[in-house]
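# Survey of secondary and tertiary structure
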Protein chains: 2
Amino acid sequence: MPTAELGLVSPLSRKISASAILSAGESDVLRSFEANPRPLRRRQEFITEGRKYQNLFVILEGISIRYRVLRNGTRQVVGVMLPGDFAGVPGCLFESALYSVRTLTDSVVSPVSLSRVIELFDVQPRLAAKIFWSFTCDAAVTAERLIAIGRLSALERVAHFVVELLTRMQAIGLADERSFAIPLTQELIGDALGLSVPHVNRVLRQLRDENILKIKEGVVIVKDIDALSELADFEQTYLKPLSISELF
Amino acid sequence: MPTAELGLVSPLSRKISASAILSAGESDVLRSFEANPRPLRRRQEFITEGRKYQNLFVILEGISIRYRVLRNGTRQVVGVMLPGDFAGVPGCLFESALYSVRTLTDSVVSPVSLSRVIELFDVQPRLAAKIFWSFTCDAAVTAERLIAIGRLSALERVAHFVVELLTRMQAIGLADERSFAIPLTQELIGDALGLSVPHVNRVLRQLRDENILKIKEGVVIVKDIDALSELADFEQTYLKPLSISELF
DNA sequence: CGTCGCTTTGATCATGATCAAGGGATGTGG
DNA sequence: CCACATCCCTTGATCATGATCAAAGCGACG
């Protein structure tokens with residue numbers, strides 16, 4: 001059973017492995033980053049915009065979102081964070097956190113002091129390279145959504161968002177060919193894509209009517225991946241980083 | 001004359017210095033990254049989406065933009081690149097480039113092979129850290145514009161964009177208190193902010209009428225920085241990274 | 001059983017897109 | 001030196017995407 005097998009792998013190692021080959025020693029270090037598991041209930045904010053942090057949080061289990069609440073009261077979701085992601089990048093690398101992060105589901109995270117990550121540059125520079133390389137991939141994900149929000153229609157944006165999540169979930173072994181479990185509310189989708197809840201609702205109904213996509217009770221089921229990708233104008237490349245290991 | 005003085009400094013060193021203290025040796029390495037100056041005329045594309053690159057380009061002089069042309073024919077400008085920036089991050093770190101980059105003005109860039117940058121992790125890990133730290137800051141700039149496009153009105157977006165550029169230009173000594181020279185066309189502003197040209201025109205007229213901002217012949221003059229910042233809901237923090245040097 | 005969190009739907013409104021046309025400045029070739 | 005092209009800005013008229021406002025439905029849960 002591949003799912004069970006994957007369940008045993010360190011989420012962080014799995015994420016970093018997407019763009020780099022890890023030595024046994026490096027995997028050990030990454031596992032040490034996961035040594036302080038801390039359970040969080042759903043809807044719990046564990047990074048707050050404006051506060052100062054001296055650590056990051058590795059997400060071991062569960063889904064979180066990174067967002068900002070603007071002065072005008074609206075919320076913009078900057079990204080969805082999956083197991084293996086570092087919550088707090090890049091937000092916590094500034095004088096005060098740039099975004100808030102909260103869980104969508106019951107989660108487990110492990111704090112890692114910033115100094116430990118920085119130390120890696122001295123102690124295990126190649127591992128540091130691999131970690132920072134994966135930060136760069138995360139940056140590409142953000143840029144793709146910037147493009148989507150700037151120039152796609154509401155329908156296309158929703159398609160793009162779903163394909164992004166499907167692909168990322170697959171990459172860490174948490175999605176099968178056509179579906180994944182993330183409790184996407186319509187409000188959340190709207191806040192991620194710059195749309196209102198009623199409009200997201202209409203777009204989702206259209207996708208459901210056309211038998212392209214169904215979201216039900218926290219499970220997203222893609223009925224027609226071709227139609228969805230077509231709508232999304234999706235750039236697969238941005239989830240295929242060069243393997244940094246080849247470059248050393 | 002501070003301007004003349006700054007003109008002598010390596011653009012790359014100046015950029016990295018914003019978030020880290022550089023040793024003399026490190027500055028030398030950075031200067032070596034600038035050793036192959038290559039002049040480019042304005043409007044010249046030097047990175048093309050979909051092509052493969054094995055190097056980055058340090059921008060020594062001039063302004064460039066990073067963008068994608070979508071299937072529907074529209075263009076989204078992902079970012080504006082200033083002297084000291086690495087063109088090709090993160091776009092060139094993938095199988096094929098994610099974005100195109102072209103100059104807005106006559107420019108000078110210097111190619112740096114990706115392997116040289118990666119080598120730094122072995123040879124000068126602390127310098128590598130500082131460079132990747134600055135990539136992280138760039139990622140924050142992108143995320144801020146994502147937020148702006150997602151949740152601000154056209155007027156507010158334009159204000160935000162101008163304040164972003166003013167602040168970044170000031171950080172590298174290319175802007176005074178209230179103005180800077182970047183040939184922003186209305187089309188460019190629209191493509192950066194997800195707006196149409198006629199609408200950008202109207203917004204700019206409003207800002208001009210209210211004596212807040214004037215753009216004329218490639219020079220942006222901020223008449224009322226308070227009003228502009230107020231509109232922009234601008235998060236100063238994101239341009240004030242922690243000093244990585246303190247963390248070692 | 002009532003509240004909460006989320007979805008759904010309809011009616012109206014407005015921001016900003018699109019379409020169309022023209023204008024001014026600069027540059028270029030004949 | 002003129003003719004024409006290019007690039008960019010400007011303005012107006014109309015349209016439409018998606019926001020806002022309002023209300024109701026509907027599970028799940030305590």
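Predicted model only: the values in this text are computed from it and were never measured.

Glancing now at the overall build of chain A. Along chain A, the regular secondary structure elements total ten helices and eleven strands. Computed over the C-alpha atoms, the radius of gyration of chain A is 18 Å, within 12% of the 18 Å expected from 2.2 N^0.38 for a compact globule of 248 residues. Across its three principal axes, chain A shows a C-alpha extent of roughly 55 × 45 × 30 Å. Counting the 248 residues in chain A, one finds 58% classified as buried.

A common way to report how large an interface is uses the accessible area buried once the components associate. Residues and elements named next belong to chain A. What the domain assignment lists for chain A is domain 1 (3-140) and domain 2 (148-238). Computed from C-alpha coordinates alone, the two centres of domain 1 and domain 2 are separated by 23 Å. For the domain 1 and domain 2 pair, buried surface summed over both sides reaches about 1400 Å², with 66% attributable to carbon and sulfur atoms. Our count for the domain 1 to domain 2 interface comes out at two salt bridges. Between Arg168 and Asp85 there is a salt bridge, and its shortest N-O distance comes to 3.1 Å. Joining domain 1 to domain 2, the criterion identifies seven residue pairs in polar contact (both at pLDDT 80 or more). The element contributing the most residues to the side of domain 1 that touches domain 2 is strand E5 (residues 75-81), with five residues.

Okay, the protein's contact with DNA strand D next. Close to DNA strand D lie 18 residues, the nearest being Ala154, Leu195 and Ser196 of chain A together with Gln186 and Arg205 of chain B. A distance of 2.7 Å separates a phosphate oxygen of DNA strand D from a polar side-chain atom of Gln186 of chain B. Arg205 of chain B places a polar side-chain atom, nitrogen or oxygen, 2.9 Å from a phosphate oxygen of DNA strand D. If you list the elements that add at least two residues to the surface near DNA strand D, you get helix H8 (197-209) of chain A together with helix H8 (197-209) of chain B. The greatest single-element share of the surface near DNA strand D, amounting to six residues, is contributed by H8 of chain B. Of the residues assigned to the surface near DNA strand D, the class counts are six nonpolar, seven polar and five charged.

This next bit is on the protein's contact with DNA strand C. Close to DNA strand C lie 18 residues, the nearest being Gln186 and Arg205 of chain A together with Ala154, Leu195 and Ser196 of chain B. In DNA strand C, atoms within 4 Å of the protein come from the sugar-phosphate backbone in 72% of cases. Measuring from a phosphate oxygen of DNA strand C, one finds a side-chain N or O atom of Arg208 of chain A at 3.4 Å. In the model, a base oxygen of DNA strand C is placed 3.4 Å from a nitrogen or oxygen of the Arg202 of chain B side chain.

Residues and elements named next belong to chain B. Within the span of helix H3 (residues 24-32), buried status applies to Glu26, Ser27, Val29 and Leu30. Take H3 and look down its axis: the buried residues cluster within an arc of 160°, on one side only. On its buried face, H3 is in contact with helix H2 (11-17), helix H4 (114-123) and helix H5 (125-151).

For the rest of this paragraph, the subject is the interface of chain B and chain A. Taken residue by residue, the interface counts 60 residues in chain B and 59 residues in chain A. Interface area, chain B with chain A, both sides summed: about 5400 Å², of which 67% is carbon and sulfur. For the chain B face of the interface with chain A, the top three residues by lost area are Phe94, Leu146 and Arg151 of chain B, together amounting to 15%. The interface formed by chain B and chain A holds ten salt bridges in total. Among the ionic pairs, Glu144 of chain A bridges to Arg68 of chain B, the shortest N-O distance being 2.6 Å.

Position of Leu242 of chain A among the secondary structure elements: in the loop between helix H9 (225-232) and helix H10 (244-247). A residue is classified by how much of its surface remains accessible, and Leu242 of chain A, at 10% relative accessible area, is buried. For the pair Leu242 of chain A and Ala20 of chain A, spaced 222 residues apart in sequence, the C-alpha separation works out to 8.5 Å. With residues near it in sequence (within four places) discarded, Leu242 of chain A still touches Ser19 and Trp133 of chain A together with Lys52, Cys92, Leu93, Phe94, Glu95 and Leu114 of chain B.

Counting 189 residues, the largest nonpolar core has Phe33 and Ile131 of chain A together with Phe33 and Ile131 of chain B as its most contacted members. Once residues within four sequence positions are removed from consideration, Ile131 of chain B is found in contact with Ile16, Leu30, Phe33, Phe86 and Leu120 of chain B.

With that settled, the discussion passes to the relation of the copies chain B and chain A. When chain B is fitted to chain A, the best match, at an RMSD of 0.0 Å, comes from turning it 180° and sliding it 0.0 Å along the axis. The operation mapping one copy onto its partner corresponds to a two-fold rotation axis. When you check the interface residues of chain B against chain A, 98% turn up at the interface there too, and the contact is symmetric in its surfaces.

Residue and element names in this part refer to chain B. By secondary structure assignment, the location of Glu34 is in the loop between H3 and strand E1 (38-40). Although buried, Glu34 forms no salt bridge, and the nearest oppositely charged side chain, Arg31, lies 5.5 Å from it. Residues in contact with Glu34, not counting those within four places in the same chain, are Ser10, Pro11, Leu12, Val58, Leu60 and Ser110.

Packed helix pairs are characterised by how far apart their axes lie and by the angle those axes make with each other. All names here are of chain A. Where helix H7 (residues 186-193) meets H8, the axes come as close as 8 Å, and the angle between the chain directions of the two elements is 105°. It follows from the interaxial angle that H7 and H8 lie roughly perpendicular. When H7 is examined against H8, the residues Gln186, Glu187, Ile189 and Gly190 are found in contact with a partner set consisting of Val197, Val200, Asn201 and Leu204. In terms of residue class, the contact of H7 with H8 is built from four nonpolar, three polar and one charged.

Turning our attention to the sheet that holds strand E3 (residues 55-61) of chain A. Strand-to-strand pairing in sheets goes through backbone hydrogen bonds, with the strands running parallel or antiparallel. Residue and element names in this part refer to chain A. Read from one edge to the other, the open sheet built from four strands follows the order E1-E8-E3-E6, with strand pairing classed as antiparallel. Lying at the two open borders of the sheet, with one neighbouring strand each, are strand E1 (38-40) and strand E6 (86-87). Here E3 pairs with strand E8 (residues 107-113) via six bridges, running antiparallel. Among the inter-strand pairings, Asn55 is bridged to a residue of E8, identified as Ser113. Strand contacts of helix H4 (residues 114-123): E3 and E8, with the helix running at about 60° to E8, the strand carrying the most contacts.

What follows is about a positive patch on the surface. Residues and elements named next belong to chain A. Positive charge collects at one region of the surface, where Arg178, Arg202, Arg205, Arg208, Lys214, Lys216 and Lys223 lie side by side. Looking at the positive patch, the elements with two or more residues in it are H8 and strand E10 (213-216). Per element, the largest residue contribution to the positive patch is three residues, and it comes from H8.

What counts and how
Residues numbered from 1 in each chain as written. Chains lettered and ligands numbered in written order. Predicted model: local features only at pLDDT ≥ 70, side-chain atom pairs only at ≥ 80, totals over all residues. Heavy atoms only, no water. Helix = DSSP H or I, 4+ residues; strand = E, 2+ residues; numbered from the N terminus. Rg over C-alpha atoms; globule rule 2.2 N^0.38 Å. Buried < 20%, exposed > 50% of the residue type's maximum accessible area, 1.4 Å probe, protein only. Domains from an automatic or database assignment. Buried area = accessible area lost by both parts, 1.4 Å probe. Salt bridge = Lys/Arg side-chain N within 4 Å of Asp/Glu carboxyl O. Polar contact = N/O pair within 3.5 Å; in protein donor to acceptor, adjacent residues only side chain to side chain. Near = heavy atom within 4 Å. Nonpolar A, V, L, I, M, F, W, Y, C, P; charged D, E, K, R; others polar. Arc of directions from axis to C-beta. Contact = heavy atoms within 4.5 Å. Core = buried A, V, L, I, M, F, W, Y, C linked by side-chain atoms within 4.5 Å. Least-squares fit on C-alpha atoms with pLDDT ≥ 70 in both. Lys, Arg positive; Asp, Glu negative; His and termini not counted. Axes fitted to C-alpha atoms, helices over the stretch in contact; angles between N-to-C directions. Parallel < 35°, antiparallel > 145°, perpendicular 65-115°, else oblique. Pairing = 2+ DSSP bridges. Patch = residues over 30% accessible without salt bridge, like charges linked within 9 Å, V, L, I, M, F, W, Y side chains within 5 Å. Areas by Shrake-Rupley, 256 points an atom, 1.4 Å probe, with all protein chains shown as cover. Charge placed at Lys NZ, Arg CZ, Asp CG, Glu CD.

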